[in-house]
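Fold and contact review
This is what each chain is made of:
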Amino acid sequence: MKTDLYNIFDTEWVPVGDWIEATLKYVVENFRYIFQAIKVPFDLVLRGFEGALTGAPDLLIYAIILLVAWQAGGRRIALIAGASMLAIGLMGAWEPAMTSLSIVLTCVIFCALIGIPLGIYAARSDRFWLILRPILDLMQTIPSFVYLVPVVMLFSIGNVSGVIVTFIYALPPVVRLTNLGIRQVRPDMVEAARAFGASRRQTLLKIELPLAAPTIMAGLNQTIMMALAMSVVSSMISVTGLGRMVLRGIGRLDMGIATVGGLGIVCLAVMIDRVSQSFGVSARDRGHRKWYETGPVGAFYRPLAKFRHAAK
Amino acid sequence: MSDPQIECRALWKIYGKRQVEAMRAVQERSLSKEEVRDEYGCVLGVRNVSFSVERGEIFCIMGLSGSGKSTLVRHINRLIDPTSGEIHVAGARVDRMGETELRQLRAEKIGMVFQHMALWPHRTLAENAAFGLEVRDLSPPKRRAAAEKALAATGLEGWADHYPDQLSGGMQQRVGLARALAADPEILLMDEPFSALDPLIRRQLQDQFLDLSTKLKKTTVFITHDLDEAIRMGGHIAIMNDGEIVQIGTPEEIVTRPSDDYVREFVKGISRIGLVRAETIMTPLDGRQATPKTISTGSRLDAVIDLFLPDQQPLTVIDPLGSAVGQITITDALRALRG
């Protein structure tokens, strides 16, 4: 073959695509059972959430969301959450919204379970962080369409695969911000803990994690937002929920259903964002009140405490 | 008589990857701080330091920032590991302790106070103060009692359930002190505890601490960059420069006989009036007649000057047994005052 020097880079010199395809094929043929096993925990949690959220009476779920929002952020947040969820309900998008919510919640649980320990370890070891950082960059920047196909081949289609795709996309912020939060703890606070005889474990649990908690929560909040942003993309591998309404609308040029799906995602995002942000407000900024002294729990607790005080 | 509670012998700390090599080179060729840095890329933190602290005394380590005093004090509870040398605390070899022993030592025997308080903002004052007991898994009521006792000792009764950010700087440092006292340790390490406070509050806390100290009789290592503070506090003062102790002595010794120019520079502005004793400035009697005006040994310069106020007749110095040991003229007194 005569090389055309003029258009030298039109030739594929390094067949990256072929290699990837061959590797993937090999993995799928020989190790698919491993990936099927990985699915199991995701599947269990997702089914639990979905069963509860879609199975229970709509109004009950609505009330629970209101109470959680009130507890987390006070009356104002409860009002915002209540309005957003009411809008979803009135548009008739409640059922798919609950599916989307359960996917997001499942994803967040696994992101926290895996991301926070990774972040803690990254904060401890500079070398580990040096290796981890480019991987996180890659996870965040690579277009999600690219790994949609391998995920389908390894995990097949459906909501669980959707959770896994979303997990890959939404994991980085929680790792990053956990790492940042722990590194930002004032060194003399850690030194003081050591000076009073704390072990590394005690220092982590009693000093570093509580002080880093607002930053870690900011990371989780971002993770949640990214998970929600994935819902339309993941609907391409037949994930149900609000994303699928949008996709179906686009496919049929049905602007009505696409807009309802889109608005539903926005309302859900507003609700989750405000509630999860309120969880991240440190006790100092809430005027040092314990969580059980505010919100609906406080409404029960305060009279009880007063009664006990009077009994003394 | 001598009962050292803390003793460091030939302590060295060199920071850097090649610290072992650097250590050997420094000992063989006695390199300076700069030579160590240039040849080995290592930083000399503490250089051949030896000192001992008697039970119950306040031992001040004074030096400018970067002189290695904070590094040195962190060797006593081994927040920093020495490169070589021995550390004895309450009869045990701290430099040879394992992790568990070390944690026990820190929790039970040594309390530490930090320059910037380092109180944990997410914990109440009681939880801050009782942290050392919490890591030892004492029961909550015991922790609470110890914390309240320590807070009361530093004048913070009734604040146990508040948070550090609700307090002023001076009060915060009293919490720092309460935290150090809560486990009733034998030893206190105080790393520039009052430097971050404004002068009035600093003075107040110094007095409060001295009061507390005479009551509790804790062996204390007190770090400061302020010689005035060191003189107010200390039974003995060690002056550090470039990682070395250049002089150890009582405040009077340091002020009247500075060992080198570095110390002399520090001592310049210090008032001698409450430091210099009569026997330091007297001249021997050598057959002269004892004068009717007398002063006992151990009296300070201010008492001497008071006696010269009505008339300028020389003073005779009397020792505790009642015999005359020397004489002070007005000239001696004035010379001592000028330094």
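Cut-offs used in this document
Residues numbered from 1 in each chain as written. Chains lettered and ligands numbered in written order. Predicted model: local features only at pLDDT ≥ 70, side-chain atom pairs only at ≥ 80, totals over all residues. Heavy atoms only, no water. Salt bridge = Lys/Arg side-chain N within 4 Å of Asp/Glu carboxyl O. Helix = DSSP H or I, 4+ residues; strand = E, 2+ residues; numbered from the N terminus. Buried < 20%, exposed > 50% of the residue type's maximum accessible area, 1.4 Å probe, protein only. UniProt positions renumbered as here; feature names shortened; annotations may be inferred. Pairing = 2+ DSSP bridges. Axes fitted to C-alpha atoms, helices over the stretch in contact; angles between N-to-C directions. Contact = heavy atoms within 4.5 Å. Domains from an automatic or database assignment. Right-handed = clockwise from strand over helix to strand, strands pointing away. pLDDT = per-residue confidence, 0-100. Patch = residues over 30% accessible without salt bridge, like charges linked within 9 Å, V, L, I, M, F, W, Y side chains within 5 Å. Areas by Shrake-Rupley, 256 points an atom, 1.4 Å probe, with all protein chains shown as cover. Core = buried A, V, L, I, M, F, W, Y, C linked by side-chain atoms within 4.5 Å.

1. Description of the pattern of salt bridges
Pairing between side chains of opposite charge can happen when the charged atoms of each approach one another. On inspection of all chains with the given rule, the structure shows 30 salt bridges over all chains. Here A:R176 and A:D137 are joined by a salt bridge, their closest N and O atoms 2.8 Å apart. With A:R176 in helix α6 (residues 159–183) and A:D137 in helix α4 (residues 126–141), this pair connects stretches of sequence that are 39 residues apart. Assessed through its relative accessible area of 23%, A:R176 is described here as partly exposed. For A:D137, a relative accessible area of 35% translates into the label partly exposed. The salt bridge involving B:K218 is made with B:D184; its shortest N-O contact spans 2.5 Å. Placement of B:K218 in the loop between α9 (199–216) and β8 (219–224) and of B:D184 in the loop between α8 (169–181) and β7 (187–191) is noted, with a sequence separation of 34 residues between them. Each of B:E7, B:R9, B:E86, B:R93 and B:D95 takes part in one network of salt bridges that share partners.

2. Some thoughts on the UniProt feature "domain: ABC transporter" (unreviewed entry) in chain B
Here, the residues flagged by UniProt with the feature "domain: ABC transporter" (unreviewed entry) are residues 26–267 of chain B. Helix and strand shares over residues 26–267 of chain B are 43% and 21% respectively, and the end C-alpha atoms of the span are 30 Å apart.

3. Quick notes on the sheet that holds strand β6 (residues 110–113) of chain B
Two strands in a sheet stick together by hydrogen bonds in their backbones, pointing the same way (parallel) or opposite ways (antiparallel). All names here are of chain B. The sheet built from 6 strands is open, its strands ordered β6-β7-β8-β3-β9-β10 with mixed pairing. Among the strands making up the open sheet, the edge pair consists of β6 and β10 (244–249). Within this sheet the neighbouring strands show an average axis-to-axis angle of 15°, counted without direction. Docked against the sheet, helix α3 (residues 69–76) engages β3 (58–62), β6, β7, β8 and β9 (236–241), running at close to 160° with respect to β8.

4. A short note on the domain arrangement of chain B
How big an interface is tends to be stated in terms of the accessible area lost upon association of its parts. The domain architecture assigned to chain B consists of domain 1 (54–81 + 92–267) and domain 2 (278–338). Inter-centroid distance (C-alpha atoms) of domain 1 of chain B to domain 2 of chain B is 39 Å.

5. Describing the pairing of strand β13 (residues 315–318) of chain B
Residue and element names in this part refer to chain B. In β13, alternate side chains face the same way, and those of L315 and V317 on one face and T316 and I318 on the other are all buried. Bridge count between strand β12 (residues 294–296) and β13: 3 bridges; the pairing is parallel. Counterpart to I295 in the pairing with β13 is V317. In this fold, the crossover linking β12 to β13 by way of helix α14 (residues 301–308) has right-handed handedness. Looking at chain direction, β13 and strand β14 (residues 324–328) are connected through 4 bridges and run antiparallel. Considered in β14, the bridge of V317 is made with G326. Hairpin remark: β13 followed by β14, antiparallel, with 5 residues in the connecting loop; positive phi at G322, about 95°.

6. Remarks on the confidence of the model for chain B
Per-residue confidence for chain B gives a mean pLDDT of 86; residues scoring 70 or more make up 99%. On the interface metric, ipTM, the complex scores 0.81, and its pTM is 0.82.

7. Some words on the sheet that holds strand β5 (residues 92–93) of chain B
Residues and elements named next belong to chain B. Read from one edge to the other, the open sheet built from 4 strands follows the order β2-β1-β4-β5, with strand pairing classed as antiparallel. A strand with exactly one partner marks an edge of an open sheet, and here the two such strands are β2 (43–54) and β5. Here strand β1 (residues 4–15) pairs with strand β4 (residues 84–89) via 5 bridges, running antiparallel. Note on β4: the bridge partner recorded for C8 is I87.

8. Concerning a nonpolar patch on the surface
A contiguous nonpolar patch, built from A:F9, A:W13, A:V14, A:V16, A:W19 and A:I20 and spanning about 720 Å² of accessible area, is present on the exposed surface. Secondary-structure assignment places A:W19 in helix α1 (residues 16–55).

9. Observations concerning the UniProt feature "transmembrane region" (unreviewed entry) in chain A
Residues and elements named next belong to chain A. UniProt tags residues 51–70, 77–94, 100–123, 144–171, 224–243 and 255–272 as "transmembrane region" (unreviewed entry). End C-alpha to end C-alpha, residues 77–94 measures 20 Å, and it is 83% helix and 0% strand. Helix makes up 89% of residues 144–171 and strand 0%, and the two end C-alpha atoms of the span are 13 Å apart.

10. Description of the nonpolar core
If you look at soluble globular proteins, the nonpolar side chains tend to sit buried side by side. Judged by nonpolar contacts, the single largest core of 67 residues is most densely connected at A:M85, A:I88, A:M98, A:L268, A:M271 and A:I272. Looking at this core, the element that brings in the most residues is helix α3 (residues 94–124) of chain A, giving 12 residues.

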